Amino acid sequence: MPSQTTRTVYLNGAFLPENEAHISIFDRGFLFGDGIYEVTAVLDGKLIDSPLHMARLERSVGEIGGRLPVTTDEIVAIEKRLVEENKLTEGVVYLQYTRGAEDRNFLYSDDLEPTLLLFTQVKTLEHVAAVEKGLKVKIVPDQRWERRDIKSVCLLPQVIAKRIANADGCDEAWMIEDGFITEGASSTAYIITHDDKIITRGNGNATLPGCTRLAVLDLAREQGLTIEERPFSVAEAMAAREACLTSASNFIVPITAIDGKPVGDGVPGPMFKRLRTLYMDNARRTAV
């Protein structure tokens, strides 16, 4: 496996050693956070949920009035080449789009050439301790902007939330607004009730439309499981039989403690295990 100092990365049409890839100090992603990102999991050297990530990328870029410099089919080809050249069997491909570079001005030129950067990261995704032990989450205020459905690179509130959670010995932050959980700092939040209902907030401006979320819920519906897409409170989460989260870099993992209190029996539950098996089988079957 190449070390992370010898990775091949992609930047604006070129495949380069990472130490030869340079971005302008005037890039609007750096100066304004004027950009979009995506993270696609890689398992067995293949891309997981790729069509869902490409659809979300196109939507997010469109929502900020941007344009991709290449097609999503070309992006997938770039991702596959990076996976191959970096001999990545398990990890993620990170993609960042920004509006481009020019002298600092809130208003931007209409003819800016976008910046497109992609790189790989080695990460264990499947056989992780969290699957057997579960994760701990801390409740924190949601301090983000109102368009959370756009996968923006403006992640300072999430950085702060995760630092607060980490300082309290937790693995993730669940953010709360108006008395209800919105989502995790980098994940979608779920609870499972004592009558086996899967509860997660519906998509809208308040949350990011998770790709892993969509895949998991589609599989659950195919199995005839009951899903309620609605906000849930901290009290409901504390009283739930199970809780879990989804994200591209975690797939689906259980939550066994919230603010230091156990969820259910404090161990991964049967609904999580069923959903994890469904998702992992489907992910491998549909990987590209």
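See the structure above.
Here the structure is a predicted model, which means the values were calculated and not measured.

Help me understand the overall build of the protein chain, please; the structure alone is not making it clear to me.
Helix and strand content of the protein chain: eight helices and 16 strands. By the compact-globule yardstick of 19 Å for 288 residues, the protein chain fits well, its C-alpha radius of gyration being 19 Å. Residue burial in the protein chain is summarised as follows: out of 288 residues, 51% are buried. Across the protein chain, the fraction of contacts at a sequence separation of at least 24, relative to all contacts at a separation of at least 6, is 71%. With the model as given, the accessible surface of the protein chain reaches about 13500 Å², and the carbon-plus-sulfur share is 52%.

It is not clear to me how the environment of Arg 230 should be interpreted in this structure. Could you clarify?
In this fold, Arg 230 is placed in the loop between β12 (227–229) and β13 (232–233). The spatial distance from the C-alpha of Arg 230 to the C-alpha of Thr 115 is 37 Å, given a sequence separation of 115 residues. Not counting residues within four places of it along the chain, the set of residues in contact with Arg 230 comprises Ile 199, Thr 200, Arg 201, Gly 202 and Glu 236.

In this structure, what is going on with the pattern of salt bridges? I would like to understand it.
Where side chains of opposite charge bring their charged atoms close, a pairing between them can arise. Summed over the entire model, instances satisfying the criterion amount to 26 salt bridges. With its nearest N and O atoms 2.7 Å apart, the salt bridge here joins Glu 183 to Arg 144. Here the residue Glu 183 occupies a position in strand β9 (residues 180–184), and Arg 144 occupies one in the loop between β7 (135–141) and α5 (156–167), the gap between them amounting to 39 residues. Each of the two residues, Glu 183 as well as Arg 144, counts as buried. Within this structure, Asp 142, Arg 144, Arg 148, Glu 177 and Glu 183 form a network of salt bridges that share partners.

How do you make sense of the packing of helix α2 (residues 50–63) against helix α3 (residues 72–85) when you look at a structure like this?
Helices that pack against each other are described as a pair by the angle of their axes relative to one another and the distance between those axes. Axis separation between α2 and α3 bottoms out at 10 Å; the angle between their running directions is 130°. Overall, the two elements α2 and α3 adopt an arrangement that is oblique. Crossing of α2 against α3: the hand is right-handed. Residues Ser 50, Met 54, Leu 57 and Glu 58 of α2 pack against Thr 72, Ile 75, Val 76 and Glu 79 of α3. Taken together, the residues of the contact of α2 with α3 break down into four nonpolar, two polar and two charged.

How do you make sense of helix α8 (residues 270–286) when you look at a structure like this?
Structurally, the α-helix is built with 3.6 residues per turn, so residues lying three or four positions apart point the same way. The first and last C-alpha atoms of α8 sit 24 Å apart over 17 residues, in line with the 24 Å expected at 1.5 Å per residue. Of all the positions in α8, only Met 271, Phe 272, Leu 275, Arg 276, Leu 278, Tyr 279, Met 280, Asn 282 and Ala 283 are classed as buried.

Can you walk me through the nonpolar core in this structure?
The tendency in soluble globular proteins is for nonpolar side chains to be buried side by side. Trp 174, Ile 198, Ile 255, Leu 275 and Tyr 279 are the most contacted members of the largest nonpolar core, which totals 45 residues. Looking at this core, the element that brings in the most residues is α8, giving seven residues. If you look at the next biggest cluster of nonpolar residues, it comprises 22 residues, including Met 54, Leu 57, Ile 64 and Ile 150.

What is the right way to look at unusual backbone geometry in this model?
When glycine is set aside, most residues are seen to have a negative phi, and most peptide bonds are trans. Although it is not a glycine, Asp 178 sits at a positive phi angle of roughly 55°. Inspection of the secondary structure assignment puts Asp 178 in the loop between β8 (172–177) and β9.

Which parts of the structure should I look at to understand α2?
The first and last C-alpha atoms of α2 sit 20 Å apart over 14 residues, in line with the 20 Å expected at 1.5 Å per residue. Considered for burial, the residues of α2 that qualify are Ser 50, His 53, Met 54, Arg 56, Leu 57, Ser 60 and Val 61. For α2, the angular spread of the buried residues around the axis is 165°, confining them to a single face. Those residues of α2 that are buried lie in contact with β3 (35–43), β4 (46–47), α3, β5 (90–98) and α6 (211–222). Looking one or two residues beyond α2, the residue adopting positive phi is Gly 65, at roughly 75°.

What counts, and at which threshold
- Residues numbered from 1 in each chain as written.
- Predicted model: local features only at pLDDT ≥ 70, side-chain atom pairs only at ≥ 80, totals over all residues.
- Heavy atoms only, no water.
- Helix = DSSP H or I, 4+ residues; strand = E, 2+ residues; numbered from the N terminus.
- Rg over C-alpha atoms; globule rule 2.2 N^0.38 Å.
- Buried < 20%, exposed > 50% of the residue type's maximum accessible area, 1.4 Å probe, protein only.
- Contact = heavy atoms within 4.5 Å.
- Areas by Shrake-Rupley, 256 points an atom, 1.4 Å probe, with all protein chains shown as cover.
- Salt bridge = Lys/Arg side-chain N within 4 Å of Asp/Glu carboxyl O.
- Axes fitted to C-alpha atoms, helices over the stretch in contact; angles between N-to-C directions.
- Parallel < 35°, antiparallel > 145°, perpendicular 65-115°, else oblique.
- Left-handed = near helix turned anticlockwise from the far one by under 90°.
- Nonpolar A, V, L, I, M, F, W, Y, C, P; charged D, E, K, R; others polar.
- Expected span 1.5 Å × (residues − 1).
- Core = buried A, V, L, I, M, F, W, Y, C linked by side-chain atoms within 4.5 Å.
- Arc of directions from axis to C-beta.

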